[in-house]
Amino acid sequence: MRLVTLEDVQAAAAAIAPHVVRTPLLAFDSGLMIKPECLQPIGAFKQRGAVNALSRIPFEDRERGVVAYSSGNHAQAVAYAAKSLGMPAAIVVPENTPQLKIDATRVHGAEVFVVGITERESRAAELVEERKATLIPPFDHPDVIAGQGTVGLEILEDFPDVATVLVPVSGGGLLSGVATAIKSLRPNVRVIGVEPELAGDAAASFAAGELVRWDAHDRARTSADGLRAEPSDLTWAHIREYVDDFVTVSEDEIRDAIRQIARRTRVVAEPSGAVPVAAYLNRDLPAGPAVAVVSGGNIEPALLASILG
């Protein structure tokens, strides 16, 4: 299995530059900076991988469009990238996707199919076959991983003295890309994956040394709707090669992290984006300055109000 390389990530950085925000690092406290990917036009880091993957589709295939399956943020990212590059998009999302994310995907012009939580991949495969379209999976694709890895490049460019980078984990595309970039350039920087306890399958896999599968309904218990997927063979290979450790956090810790991020940085984080800050606040981590990747900010207004209230 070929792993994504630093050169792949650097090429992705050039390809996506016109279409993404180069997000800043913001001080959370004296020991932590946050990387607010919630400031991307679609409110999440997923735009990076989607733009990179779609930009590499041959021109003769673009008129048939793209298909994606997603828990929400990748859906918006593919819809946004397809609109920007002039391609039709069909997106499959599970029925427990927040309505906010479904509506935002449709705003970008994509056709949205809502299915049962275990049916999104099979429905996407049917659409690919029907339309002869190109499938853009949310994490199990080298071009997607390379695009997400540009987050790591920017962290090192802006904060060369960073000692630890905390990254939320679902399917593992963001963690795979960030870890590849960081370990290729600065092997001594620690890269730690963070998951909700209720969807801690990747952490369990890391502890076991092999992929451990959790039932989709168990993973769906967490409020962090963007972290309910599980690693693929491709992302797991990157995790084994480059990631130093995993930690998990509770639902109460996630909610408190959302509050703390808002109050200290004036940034809105969704539960999935807040998990690295929850780890920083509640777990013993290696000494030295850290960066937490706040991966997204697409949170339902009522949920945000209940947390901040």
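The rules behind each value
Residues numbered from 1 in each chain as written. Predicted model: local features only at pLDDT ≥ 70, side-chain atom pairs only at ≥ 80, totals over all residues. Heavy atoms only, no water. 1 Å grid on protein atoms, 1.4 Å probe; cavity = no way out; pocket = protein on both sides within 12 Å on 5 of 7 lines; lining within 4 Å. Points joined across faces, edges and corners; volume = space filled by probe spheres on them. Helix = DSSP H or I, 4+ residues; strand = E, 2+ residues; numbered from the N terminus. Nonpolar A, V, L, I, M, F, W, Y, C, P; charged D, E, K, R; others polar. Pairing = 2+ DSSP bridges. Axes fitted to C-alpha atoms, helices over the stretch in contact; angles between N-to-C directions.

Engineer: I'd like a description of the layout of surface pockets, backed by residues and values.
Structural biologist: Estimates place the volume of the largest pocket at around 370 Å³. Lining the largest pocket are 17 residues; nearest its centre among them are Ile117, Arg120, Glu121, Arg219 and Ala229. If you list the elements that add at least two residues to the lining of the largest pocket, you get helix H5 (120-131) and helix H9 (216-219). Residues that form the lining of the largest pocket fall into these classes: seven nonpolar, four polar and six charged. There is about 150 Å³ of room inside the second largest pocket. Residue lining of the second largest pocket: Ala13, Ile16, Ala17, Val20, Val21, Arg22, Arg48, Thr150, Leu153, Glu154 and Glu157, and that is the complete set. Secondary-structure elements contributing two or more residues to the lining of the second largest pocket are helix H1 (6-16) and helix H6 (142-158). Tallied by class, residues from the lining of the second largest pocket come to six nonpolar, one polar and four charged.

Engineer: Tell me about the sheet that holds strand E8 (residues 190-196), and please be specific about residues and values.
Structural biologist: Strand order across the open sheet formed by six strands is E1-E2-E10-E7-E8-E9, with mixed pairing between neighbours. Either end of the sheet is taken by a strand with one partner, and the two such strands are strand E1 (26-29) and strand E9 (245-249). If you compare each strand with its neighbour and ignore which way they point, the axes differ by 30° on average. The pairing of strand E7 (residues 164-168) with strand E10 (residues 290-294) spans three bridges and is classified as parallel.

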